[in-house]
Every structure is written in C-alpha cells, then in structure tokens.
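Residues per chain, in single letters:
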Amino acid sequence: MAYAPYSGFRVGAALLTVDNSIFTGCNVENSCYSLTICAERNAVFKAVAEGQTRFKALAIASDSKEFLPPCGACRQVLSEFAPRMTIILSNAAGQTRSMSLSKLLPKPANLKHLRKRSAR
Ligand SMILES: [Zn+2]
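Every chain begins its residue count from 1, and numbering advances along the sequence as written. It should be noted that, the model being predicted, local features are given only for residues of pLDDT at least 70 and side-chain atom pairs only at 80 or more, the latter also being counted only at that level, while totals for whole chains, interfaces and linings use all residues. Excluding hydrogens and water, the side-chain values take into account all heavy atoms of the structure.

A.B. asks: Explanation requested: the environment of Gln52 in the structure shown.
C.D. replies: In this text, helices come from DSSP runs of H or I with a minimum length of four residues, and strands from runs of E with a minimum of two, each type numbered from the N-terminal end. Here Gln52 lies in the loop between α1 (39-49) and β3 (55-62). Sequence-wise, Gln52 and Val18 are 34 residues apart; in three dimensions their C-alpha atoms are separated by 8.9 Å. We call two residues in contact whenever any of their non-hydrogen atoms come within 4.5 Å of each other. Setting aside its immediate chain neighbours within four residues, Gln52 contacts Thr17, Asp19, Ser21, Phe23 and Ala47.

A.B. asks: I tried to follow the packing of α1 against helix α2 (residues 72-81) on my own but got confused; where do I start?
C.D. replies: In helix packing, the relevant descriptors are the interaxial angle and the interaxial distance, both defined with respect to the helix axes. Axes, fitted as lines to C-alpha atoms, cover a helix only where it is in contact. Angles between the N-to-C directions of the axes lie from 0 to 180 degrees. Interhelical geometry of α1 versus α2 gives an angle of 30° and a closest axis separation of 9 Å. What the angle tells us is that α1 and α2 run roughly parallel. In this structure, the crossing between α1 and α2 has a hand that is left-handed. Where α1 approaches α2, its residues Glu40, Arg41, Val44, Phe45 and Val48 are matched on the opposing element by Ala73, Cys74, Val77, Leu78 and Phe81. Just so you know the grouping, Ala, Val, Leu, Ile, Met, Phe, Trp, Tyr, Cys and Pro go in nonpolar, Asp, Glu, Lys and Arg go in charged, and all remaining residues, Gly too, go in polar. Residue composition of the contact of α1 with α2, grouped by class: 8 nonpolar, no polar and 2 charged. Throughout this description, any angle smaller than 35 degrees is read as roughly parallel, any larger than 145 degrees as roughly antiparallel, any in the 65 to 115 degree range as roughly perpendicular, and the remainder as oblique. Note on convention: near helix rotated counterclockwise from far helix by under a right angle means a left-handed crossing. Clockwise means right-handed.

This is the structure in structure tokens:
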C-alpha cells in the first residue's frame, strides 16, 4: 500500500506486539519531501494510537535486492518502546535476515539523557 510516487521505492513494515497483534505500515511520500514518513514509523504510530507500546519484532520488506535496514529516525523511535526487539529484513528475493535493534542502535537517546543534573 506504499504511496511512493516520487521515489518509486515501496516499503512495507509489520510490527508484532507482545500480545501477538500485528500493525502494518507503509511509506507515505509527500511533495514536500521532508514530510514523508517511513513504513516503520507508520506502523509504530498506528500501534501506539491503538494503545500498544510493547513490541517483540518488526519485519521490513521492499522491492530492493538489498536488505533494507530501518533509517536512524526509525531506529530511535523503535528504541523508545523496545530497544532489544528483533528486526527482520526481507529482500525482493524473499530472503530474510534477523538482528536485534540494540545491534543497529547501540546507544539510543533515552529518558535518562533528558533528566537534569542534580544540584551540587
Ligand atoms: Zn525510517
């Protein structure tokens, strides 16, 4: 269901929650390129909007011959909810690779980085 009239690069994502629900997402491009949203974040935001914030795995598929890992922004958004979740990459030939999000984003920004230093 990707909307990709500018790049022609179609991506789909399927997010598995801890209660085995699946939320799907696709990339949605816009003529203002910076407003484009990735399939991965699209799936996460759908899940969160439905009250789901505990994730086990995310599968990403595209038309590419290459395995398409999530971009940095998506890695950070996924890490907010499940830093050790499994990421499954699939290429156009139907081959898959599996890895931990913590390997893709070993040092995510998180809440503890936002806390103010205590007074001396
Ligand atoms: Zn992304």
